[in-house]
Amino acid sequence: MRRRPLLDLTLSPPRLAPTPLTVVENPSILEEALARASTLPLACTSGQLRAVDHALFQLAVDQGVPLRYAGDLDTAGLQIAATVHQLYGAELVAMDAAIVRATGSTPSAVPIGALPPAHSSTELGRALHAGGRIVYQEHDAVLDRLLATEEARVPDSKAHAPAHDADR
């Protein structure tokens, strides 16, 4: 029998736990969470958002489940994060200038390139351009912050707004 996640979510929606749901961009984060025995509730978009992702996010909003989102710090990741924050009110985690600085001199081997205009003049954008490299979720500094269970369950004293608002 073929699984149809979108159909399952819309015809027989599950009741979600009322704890924050952390959504990540890359499946390797789920693997790392398992390796660390993390109990953090996680979901993964596997890159660009699809209909099933939007259905899950809306289900969470409808049920009052707080969403947290973390993606790669590259053009696509920043665009996905802005969409998830703007449409579903997700708190952005591990997607700020501090995490870029925490990655040190070797965030990745991939040049950053052009950022979306909304991010170019922000603190995050300046940090990314200063480092000159994309920061992927798989970096240890990102994983450590993202998978810190106690921090994830207790809302920050100041919730992260989308990078283009928070970094001005």
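Heads up: these notes are all about the structure in this document.

Calculation criteria
Residues numbered from 1 in each chain as written. Predicted model: local features only at pLDDT ≥ 70, side-chain atom pairs only at ≥ 80, totals over all residues. Heavy atoms only, no water. Helix = DSSP H or I, 4+ residues; strand = E, 2+ residues; numbered from the N terminus. Polar contact = N/O pair within 3.5 Å; in protein donor to acceptor, adjacent residues only side chain to side chain. Contact = heavy atoms within 4.5 Å. Axes fitted to C-alpha atoms, helices over the stretch in contact; angles between N-to-C directions. Left-handed = near helix turned anticlockwise from the far one by under 90°. Nonpolar A, V, L, I, M, F, W, Y, C, P; charged D, E, K, R; others polar. Expected span 1.5 Å × (residues − 1). Salt bridge = Lys/Arg side-chain N within 4 Å of Asp/Glu carboxyl O. Buried < 20%, exposed > 50% of the residue type's maximum accessible area, 1.4 Å probe, protein only.

Points about the side chain of Gln63
Thinking step 1. With respect to the secondary-structure elements, Gln63 resides in the loop between helix H3 (51-62) and strand S3 (67-70).
Thinking step 2. There is a polar contact of 2.9 Å between the side chain of Gln63 and the backbone oxygen of Pro14.
Thinking step 3. With near-sequence residues (within four places) excluded, Gln63 lies in contact with Pro14, Arg15 and Leu16.

Description of the packing of H3 against helix H4 (residues 75-88)
Thinking step 1. Close contact between H3 and H4 brings their axes to 11 Å; oriented N to C, the two are set at 35°. Like other packed secondary-structure pairs, H3 and H4 cross with a definite hand, here right-handed. Contact residues: His54, Phe57, Gln58 and Val61 in H3; Thr83, Val84, Leu87 and Tyr88 in H4.
Thinking step 2. Its residues assigned to classes, the contact of H3 with H4 comprises five nonpolar, three polar and no charged.

Points about H4
Thinking step 1. For H4, spanning 14 residues, the distance from its first C-alpha to its last is 20 Å, which sits close to the expected 20 Å at 1.5 Å a residue.
Thinking step 2. In the core, the buried residues of H4 are packed alongside H3, S3, strand S4 (91-92), helix H6 (117-120) and helix H7 (123-131).
Thinking step 3. With its phi angle positive at about 70°, Gly89 sits one or two positions after the end of H4.

A short note on the pattern of salt bridges
Thinking step 1. Applying the stated criterion to the full structure yields four salt bridges.
Thinking step 2. Between Arg36 and Glu32 there is a salt bridge, with the nearest N and O atoms lying 2.7 Å from each other.
Thinking step 3. For the salt bridge of Glu123 with Arg101, the shortest nitrogen-to-oxygen distance reads 3.4 Å. In this pair, Glu123 sits in helix H7 while Arg101 sits in helix H5 (residues 97-102), placing the two residues 22 residues apart along the sequence.
Thinking step 4. Accessibility expressed as a relative area gives 33% for Glu123, which makes it partly exposed.
Thinking step 5. The structure contains a network of salt bridges with shared partners spanning Glu32, Arg36 and Asp144.

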